[in-house]
Amino acid sequence: MSTMKNRRSPLVILMINMFIAMLGIGLIIPVLPEFLKEFGLGGKTAGYLVAAFGLTQFIFSPIGGEWSDKYGRRIMIVSGLALFTVSNLLFAMASEVWMLYTSRLIGGIGAAAMIPSMMAYIADITTDEKRGKGMGMLGAAMSLGFVIGPGIGGFLAELGLRAPFYVSSAVGALAMIGSLLVLPESLTKEELAANRSSQVKKESIFIQLGQSFKAPYFILLLLVFALTFGLANFEAVFPLFVDNKYGYTAKDISILITVGALIGAVIQAMLIDKLIRRFGEKKLINLTFILSAVCLILMLLSGNFWYILVITMMFFTLTSIMRPAINTLLSKMAGDEQGFVAGMNNAYMSLGNIFGPAIAGILFDVQINLPYMFGAVILVISFIISTSWSNKNKQKLVPAGGSN
């Protein structure tokens, strides 16, 4: 592990970058219905456009992880931000449907370059004792960006339908320049040279996925998929759902998501450490899964604005707590497989971002309540799997708060 004088500063930069990357995924959602009307397209396309980002993120993540080992974390993070900037600029300027898809596909490649590199960077600059906290902070930035994106997109749309993407592109460019100037490389020249000269051939993503099935932490990766699926499922149809079912405006939707996400993130930041120490990662994961499922069902019962705001806030809070709890436990179980686990974490997250929106869009066209009912079923099944796995592995796992 390379030594660094100030480890807090790189972590802050990484958190800002992660926030920006995940913001890009969610930013598209509130303006998508109006955007698609310009092209004469409907609900399924909305799901597919959100899913397109996850598709290239999934395919290119192993390459991003391998290149970050060979050429450095910093260059991959900067490259990812550059691709993210191009992606949003292309979407803003799009006049044809193929340009929309191309934009999202490029954005996914950018995320594949950035996210595994950032997770590996955290592993490089933290000790085993502090790694869980570092991953938790990165996870908090990830969750906040993902859930606040639609809110910001909705507010910026007041300036014009394409304004959110121009602003996002500009912010991405600033983050890229900032990282290029101030983010130090976490690997030494000797480590990079050794990694480049290594003759070990990395397997394809599908072989790696096969290997992950046999890993002791496989269930945790499955839960990463379920969490991301549930969150993407919730977000992809949220504007269409509250518009069609309850008659909400774009501004109402922006307020709901932004306020709900901000309150959720504040609660998460204040309580995550205490909650992990009090309940342990396993109990916290189980509890947040079942309560998240309950929130999805409660969404169907009333259209009262304050009621929906509370349910939205609860859902975002629970998922914001769940992600760092899973990531912390994954990091503890990974041992010397931090790079592989970071890549797999990203791959399973990408799969959630592919299937969550795509299935939500298809189900929404069938019946308006189906996406949330199906999402709740997935979360309940995840709760059952997680509880069963926790009970079987009580003796194998690190005790709660053991490395914090």
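Residues numbered from 1 in each chain as written. Predicted model: local features only at pLDDT ≥ 70, side-chain atom pairs only at ≥ 80, totals over all residues. Heavy atoms only, no water.

Put simply, the rule reads: UniProt positions are given in the numbering used here, feature names are shortened, and annotations may be inferred rather than shown by experiment.
For the chain, an unreviewed UniProt entry supplies the name Tetracycline resistance MFS efflux pump and the organism Paenibacillus chitinolyticus. Regarding the chain, the UniProt comment filed under Sequence similarities (unreviewed entry) reads as follows: "Belongs to the major facilitator superfamily. TCR/Tet family." In its Subcellular location (unreviewed entry) section, the UniProt record describing the chain reads: "Cell membrane".

### Remarks on the packing of aromatic side chains
For clarity, the cut-off: Working definition: a ring pair exists when centres of Phe, Tyr or Trp rings (six-membered ring for Trp) sit within 6.5 Å. Plane angles under 30 degrees give stacked, over 60 give edge-to-face, the rest tilted. Each helix is a run of H or I in the DSSP string that is no shorter than four residues. Each strand is a run of E no shorter than two, and both are numbered from the N terminus. Three labels apply to residues, based on accessible area from a 1.4 Å probe with only protein chains included: buried if under 20% of the type maximum, exposed if over 50%, partly exposed otherwise in between.
Enumeration over the complete set of coordinates arrives at 16 aromatic pairs. Where Phe 234 meets Phe 316, the ring centres are 5.5 Å apart and the plane angle is 75 degrees; that geometry is what we call edge-to-face. Taken as a pair, Phe 234 in helix α9 (residues 218-246) and Phe 316 in helix α12 (residues 305-334) lie far apart in primary sequence, 82 residues in all. Each member of the pair Phe 234 and Phe 316 is classed as buried.

### Side note on the side chain of Asn 369
Put simply, the rule reads: Residues adjacent in sequence count toward polar contacts only when both atoms are side-chain atoms; beyond that, a polar contact is any pair of N or O atoms within 3.5 Å, and within protein one must be able to donate a hydrogen and the other to accept it. In this description, contact between two residues means that some pair of their heavy atoms is separated by no more than 4.5 Å.
Positionally, Asn 369 belongs in the loop between α13 (338-366) and α14 (370-392). Residue classification places Asn 369 among the buried residues on the basis of a relative accessible area of 15%. Among the polar contacts made by the side chain of Asn 369, one reaches the side chain of Lys 245 at a distance of 3.0 Å. When neighbours within four sequence positions are excluded, Asn 369 is seen to be in contact with Phe 241, Lys 245 and Leu 300.

### Here's the deal with the domain arrangement of the chain
Here is the rule we go by: The split into domains, and so the bounds of each, comes from an automatic or database assignment of domains. Here the buried area means the combined drop in accessible surface, using a 1.4 Å probe, for two parts upon being joined, counting both sides. Salt bridge criterion: a side-chain nitrogen from Lys or Arg within 4 Å of a carboxyl oxygen from Asp or Glu.
As assigned here, the chain comprises domain 1 (8-186) and domain 2 (205-394). For domain 1 versus domain 2, the separation of C-alpha centres amounts to 19 Å. With 39 residues of domain 1 at the contact, the number on the domain 2 side is 42 residues. Of all residues in domain 1, the largest losses of buried area upon contact with domain 2 belong to Phe 58, Phe 146 and Val 147, amounting jointly to 19% of the total for that side. Where domain 1 meets domain 2, there are zero salt bridges. Counting across the interface, domain 1 meets domain 2 through zero residue pairs in polar contact (both at pLDDT 80 or more).

### Brief notes about the nonpolar core
To keep it simple, the criterion reads: Remark: nonpolar core denotes a set of buried residues (Ala, Val, Leu, Ile, Met, Phe, Trp, Tyr, Cys) joined through side-chain atoms within 4.5 Å.
Counting 95 residues, the largest nonpolar core has Leu 220, Phe 238, Ile 326 and Tyr 372 as the members making the most contacts within it. Top element by residues in this core is α9. It accounts for 16 residues. Residue contributions to this core reach at least three from each of two domains, namely domain 1 (8-186) and domain 2 (205-394). Apart from residues lying up to four places away in sequence, Tyr 372 is in contact with Asn 233, Phe 234, Val 237, Phe 238, Phe 241, Leu 296, Met 299 and Leu 300. Core analysis: the next-biggest nonpolar cluster, separate from the first, contains 16 residues, Ile 28, Leu 36, Leu 49 and Ala 92 among them.

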